[in-house]
Structure formats: C-alpha cells, structure tokens
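# Secondary and tertiary structure notes
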Amino acid sequence: EFCRVLLDNLETKIDKQPQLKGSIQSLFRGKMRSFIRCTNVNFESKRDEYFYDLSLDVKGCRNLKESFYKYVESEKLNGKNQYDTGDPKFGKQDAVMGNEFIQFPPVLHLHLRRFEFNGNGMSKINSRFEFPLEINLGKFMAKDGEDRERQIYQLFGVLVHSGTVDGGHYYAFLRPTEKLKWYEFNDSSVSLSSIKDAVENNYGGSSNEHNTNDRFHPAFKNPRFAMLQRHQHQAQPQIHQRWFSAYMLIYIRRHEIPFLYKKV
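Counting from 1, residues in each chain are numbered in the order their sequence is written. A pLDDT threshold of at least 70 governs which residues receive local features in this predicted model, and a stricter bar of 80 or more applies before side-chain atom pairs are shown or counted, although totals over entire chains, interfaces and linings include all residues. Hydrogens and waters are ignored; side-chain quantities use all the structure's heavy atoms.

We now examine the pairing of strand S9 (residues 115–118). Two strands make a pair as long as DSSP finds a minimum of two bridges between them. Helix and strand assignments come from DSSP, with helices taken as H or I runs of at least 4 residues and strands as E runs of at least 2, each series counted from the N terminus. Summarising the sheet, S9 and strand S10 (residues 121–124) pair through four bridges and their orientation is antiparallel. Among the inter-strand pairings, phenylalanine 117 is bridged to a residue of S10, identified as methionine 122. Here S9 folds back onto S10, and the loop between the two strands holds two residues.

This is the structure we're talking about:
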C-alpha cells in the first residue's frame, strides 16, 4: 500500500513539471488485458488496464514461474455457465475467460501474497516459494504483446517480512549497481550481503529445507524481533519454521539496465 501511495504522489507532483511529465509511467507502468473469447464464434469482450505492480499467489505455487502461469490461466465458460454475449446473433456461447499481459514496465514490482484471510482471521503463508535471478516473461504476454522477444528480467530487489500477522519487521536486499553485488538495508544499517542471504534464504519454508540456521539470518540483527523469533523456534523446535520470507520483488528488464544505471 505504501508503494502505491508513494508512486501516486510522485506521479502527481512530477507530472506538473513539463520536462519530467510521464517519468513514473515510463518506468513502472505496465498494461494487461482481461478477456472473454468465444470458442465457436468470432466474438470477444476485452478490457485493457494499467498496473504499477502485480500481486502474485504464493499458496499452491512452488516458484515465480508457476505463479505467473496461474495468473494468466484461463477459465472455461460452458454448460450452465455459458457466456451471454448480449448479441442476438450469438446469444450464449462456450468461451474462455482470462488475463494476458500487453506490456511490462522497465521496472517491475511484484507483491507476493504471503498473507491471506481464512475463517479464523488473517494468517501468514510461510511455504517455500522460489524466485530466480533472471526470468523470461515474454511467454506470459498476449500474441499482440509489445516486444515479446525482449522481456528478460533480472532481480534487483528483495523486500523481506520477518514475523507473523501480529507483528514483524521489514528490511531489504538491493543491487544498487549493474554488478551482481547485493547489500542489506536494515533500518539505519547497510552492509554487503551474499546472494544466498539476499535470495535463497528468503524463499520461505522451514530451515530443514535449506540446511541453514535461522539464528544467523540478518533478521536477528534487529533486537526487537530476535527475542520473538527465538521464542517461536523454542516453542516448536521440531518444525524449525522460518518466520522471514520475501514479500516483494523488484525486477528490471535486462536490455534497459545499462540505461537505468548509466553513470552521470
């Protein structure tokens, strides 16, 4: 929510300056299409809309690629659930309904749905969810998608949530240059980090899955939550559940990296 409010405010203020108008849109805005296509007749209903970030499912998905496939998965409308075209010529028809991407932005913000509402209230999904250093998103675009062959993205940011739905702490791992060199930003502390700490250790799941010890994770540098997490691990030592995982990812389109990080 903070990211959306921040970008909205920046866009409003920047667009008042003629030389900078459209800067936020050109960096962060993508376009997607919602559609319903009849399978037996040539009839389609569609709507294009812009987005500044995408919310992707974690539950039921092992990795980012599966989550994207789930996002663009189509649903069949047939039988009693046929689509009413509203056109006397076609009436009700078998159809498919889904989403497809028309344009991805140079800087792509991905929000991972780690929190969900169930019958007992909100809960955090701590299952393992892998995300790559590089991913090709062209396969998830519409046939008329823009520049489908040049949609390879590299990971540049991992925002981590440590804790539970009742409380937690946010910190980030970022690549501030083109080099594959990661830094941890934890409150006022900034330090050099390894790829393992920045990426692999934030997949979520249990510590047994990763063969690492949570006590040495960067989250424990923050004393406010170290005690809470140690208590949770002591209460369930047989599970060794991780309480930190990636919550938001930042990817940058590969061929635009030199332009975005050019030296002034």
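Note on exposure labels: buried denotes an accessible area under 20% of the residue type's maximum, exposed denotes more than 50%, and partly exposed covers the range between, all computed with a 1.4 Å probe on protein chains only. Residues Leu64, Ser67 and Phe68 constitute the buried set of helix H3 (residues 64–71). Along the long axis of H3, the arc covered by the buried residues comes to 100 degrees, so they all point the same way. It only takes one pair of heavy atoms within 4.5 Å for two residues to be counted as in contact. In this structure, the buried side of H3 is in contact with strand S3 (54–57), strand S7 (95–103), strand S8 (107–113), strand S11 (134–136) and strand S16 (244–253). In protein, a polar contact requires one atom able to donate a hydrogen and another able to accept it; more generally it is a pair of N or O atoms within 3.5 Å, and residues adjacent in sequence count only if both atoms are side-chain atoms. For H3, the N-terminal cap is asparagine 63; the gap from its side-chain oxygen to the backbone nitrogen of lysine 65 is 3.2 Å. Each direction from the helix axis to a C-beta atom contributes to the arc, which is the arc of those directions.

A few words on the sheet that holds strand S2 (residues 44–51). Pairing is antiparallel in the open sheet, where four strands are placed in the order S2-S1-S7-S4. With one partner strand each, in any of the chains shown, S2 and strand S4 (75–77) form the two edges of the open sheet. Averaged over all pairs of adjacent strands, the angle between their axes in this sheet comes to 25 degrees, without regard to strand direction. Pairing analysis gives eight bridges linking strand S1 (residues 30–38) to S7, with the strands arranged antiparallel. Every angle, taken between N-to-C directions, lies between 0 and 180 degrees, and every axis is a line fitted to C-alpha atoms, over only the stretch in contact when it is a helix.

Any carboxyl oxygen of Asp or Glu within 4 Å of a side-chain nitrogen of Lys or Arg constitutes a salt bridge here. Inspection of the entire model under this criterion finds 14 salt bridges. Between lysine 59 and glutamate 116 there is a salt bridge, with its nearest N and O atoms 3.2 Å apart. Remark: glutamate 116 occurs in strand S9 and lysine 59 occurs in the loop between S3 and H3; sequence separation between them is 57 residues. The class of lysine 59 is partly exposed, set by a relative accessible area of 48%. With a relative accessible area of 23%, glutamate 116 lands in the partly exposed category. Between glutamate 134 and arginine 254 there is a salt bridge, and its shortest N-O distance comes to 3.3 Å.

Let us now look at the packing of aromatic side chains. Here the aromatic set is Phe, Tyr and Trp, taking the six-membered ring for Trp, and pairing holds for ring centres within 6.5 Å; pairs whose planes are under 30 degrees apart are stacked, those over 60 apart are edge-to-face, and all others are tilted. Evaluation of the coordinates by the stated rule reveals 15 aromatic pairs. Note on tyrosine 71 and phenylalanine 101: the rings are 5.5 Å apart at their centroids and 20 degrees apart in plane angle, and the pair reads as stacked. Here the residue tyrosine 71 occupies a position in helix H3, and phenylalanine 101 occupies one in strand S7, the gap between them amounting to 30 residues. A relative accessible area of 23% means that tyrosine 71 is categorised as partly exposed. A ring is considered to have a charge above it if a Lys NZ or an Arg CZ atom is located within 6 Å of its centre and within 35 degrees of its normal. Positioned above the aromatic ring of phenylalanine 35 is the side chain of arginine 37, whose terminal nitrogen or guanidinium carbon lies 3.9 Å from the ring centre. Across from the ring centre of phenylalanine 156, 3.8 Å away, lies the NZ or CZ of arginine 175, which sits over that ring.

With 35 residues, the main nonpolar core has Leu64, Phe68, Phe101, Phe104, Phe131, Leu249 and Tyr251 as its most contacted residues. Of all the secondary structure elements, the ones that give two or more residues to this core are S3, H3, S8, strand S12 (152–164), strand S13 (167–174) and S16. Residues contacting phenylalanine 101, with those up to four places away along its chain left out, are Lys31, Met32, Phe51, Leu54, Phe68, Tyr71, Val72, Phe140, Met141, Ala142 and Gly145. Within the second largest apolar cluster, eight residues are counted, among which are Ile14, Phe156, Ile252 and Ile257. Side-chain atoms within 4.5 Å are what join buried Ala, Val, Leu, Ile, Met, Phe, Trp, Tyr and Cys residues into a set we call a nonpolar core.

Here we take up a nonpolar patch on the surface. Patches in this entry comprise residues that are over 30% relatively accessible and not in a salt bridge; like charges within 9 Å are linked, as are nonpolar side chains (Val, Leu, Ile, Met, Phe, Trp, Tyr) within 5 Å. Surface accessibility follows the Shrake-Rupley procedure with a 1.4 Å probe radius. Residue values consider only the protein chains on display as shielding. Where nonpolar side chains cluster on the molecular surface, the patch consists of Phe2, Leu6 and Leu10 and spans about 310 Å² of accessible area. Relative to the elements of secondary structure, phenylalanine 2 occurs in helix H1 (residues 2–14).

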